Amino acid sequence: MEFRTALGMFATGVTIVTARTESGELIGLTANSFNSVSLDPPLVLWSLARAAGSMPAFSTGSHYAINILAADQKALAERFAAREPDRWTGVDFSDGVAGSPL
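Computed from a prediction, not measured in an experiment: that's the story for all the values here.

*Asks:* Give a detailed account of the overall build of the protein, specifying residues and quantitative values.
*Replies:* A count of helical and extended segments in the protein gives 3 helices and 5 strands. Helices and strands in the protein line up, N terminus first, as α-β-β-β-β-α-β-α. Each of the 102 residues in the protein was classed as buried or not, and the buried ones make up 25%. At a minimum sequence separation of 6, the contacts of the protein that also span at least 24 residues come to 50%. Of the roughly 7500 Å² that the protein leaves accessible, carbon and sulfur atoms contribute 57%.

Below, the structure written as structure tokens:
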């Protein structure tokens, strides 16, 4: 019972998962469904609803980035969780593998 209580109080990390479509469009969303699956080999898991508007881009893309946020980045997490038409305005980023925004 104590173990279950302890796990129930463990806060999940918040991430922004990003990618670039074949046409160059930036996509990104806030995800708190990020978990470590294995250390050797290093594998992670994150979940996205099948009905999500970004599902086609993520399911057909070759690369994506998982950006782990710090506690003081709450506003950024909220921005990428909202249905804003252009969540990238004013966001500084660099290009990762295959252009995935970091």
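Read on, since the account is not over.
*Asks:* Can you lay out the pattern of salt bridges for me, pointing to particular residues and giving the numbers?
*Replies:* Per the counting criterion, the structure on display carries 2 salt bridges. Among the ionic pairs, Arg20 bridges to Asp95, the shortest N-O distance being 2.8 Å. Taken together, the residues span a long stretch of sequence, with Arg20 in strand β1 (residues 15–20) and Asp95 in the segment after α3 (74–81) at a distance of 75 residues. Relative accessible area serves as the criterion here: at 28%, Arg20 is assigned to the partly exposed category. For the salt bridge of Lys74 with Glu78, the shortest nitrogen-to-oxygen distance reads 3.8 Å. A residue pair is termed a helical-turn pair when its members lie 3 or 4 positions apart in one helix, as Lys74 and Glu78 do in helix α3 at 4 residues.

*Asks:* Summarise the sheet that holds strand β2 (residues 26–31); cite the residues concerned and give the values.
*Replies:* In spatial order, the strands read β2-β1-β5; together these 3 strands make up an open sheet with antiparallel pairing. Looking at which strands have only one partner, the edges of the open sheet turn out to be β2 and β5 (65–68). For this sheet, the mean inter-axis angle between neighbouring strands, taken without regard to orientation, is 25°. Of the strand pairs in this sheet, β1 and β5 are connected by 4 bridges, and their pairing is antiparallel.

*Asks:* Give me the lowdown on the pairing of strand β3 (residues 35–39), citing residues and values where you can.
*Replies:* Sheet topology note: the β3/strand β4 (residues 42–45) ladder contains 4 bridges and is antiparallel. Following the sheet pairing, Ser38 is matched in β4 by Leu43. Once β3 ends, the chain turns through 2 residues before running back antiparallel as β4.

*Asks:* Any chance you could break down the side chain of Ser54 for me, citing the residues and the numbers?
*Replies:* The residue Ser54 is located in the loop between β4 and α2 (55–60) in this model. By relative accessible area, Ser54 is classed as buried at 17%. Contacts of Ser54, omitting those with residues within four sequence positions, involve Leu29 and Leu48.

*Asks:* Could you give an account of the packing of aromatic side chains, with specific residues and numbers?
*Replies:* Enumeration according to the criterion identifies 5 aromatic pairs in this entry. Where Trp46 meets Phe58, the ring centres are 5.2 Å apart and the plane angle is 75°; that geometry is what we call edge-to-face. Separated by 12 residues along the polypeptide, Trp46 in the loop between β4 and α2 and Phe58 in helix α2 bring together distant segments of the chain. Taken individually, Trp46 and Phe58 each receive the classification buried, so the pair is uniform in this respect. Judged by centre distance (6.4 Å) and plane angle (80°), the rings of Phe58 and Tyr64 are edge-to-face.

Rules and cut-offs
Residues numbered from 1 in each chain as written. Predicted model: local features only at pLDDT ≥ 70, side-chain atom pairs only at ≥ 80, totals over all residues. Heavy atoms only, no water. Helix = DSSP H or I, 4+ residues; strand = E, 2+ residues; numbered from the N terminus. Buried < 20%, exposed > 50% of the residue type's maximum accessible area, 1.4 Å probe, protein only. Contact = heavy atoms within 4.5 Å. Areas by Shrake-Rupley, 256 points an atom, 1.4 Å probe, with all protein chains shown as cover. Salt bridge = Lys/Arg side-chain N within 4 Å of Asp/Glu carboxyl O. Pairing = 2+ DSSP bridges. Axes fitted to C-alpha atoms, helices over the stretch in contact; angles between N-to-C directions. Phe/Tyr/Trp six-rings, centres within 6.5 Å; stacked < 30°, edge-to-face > 60°.

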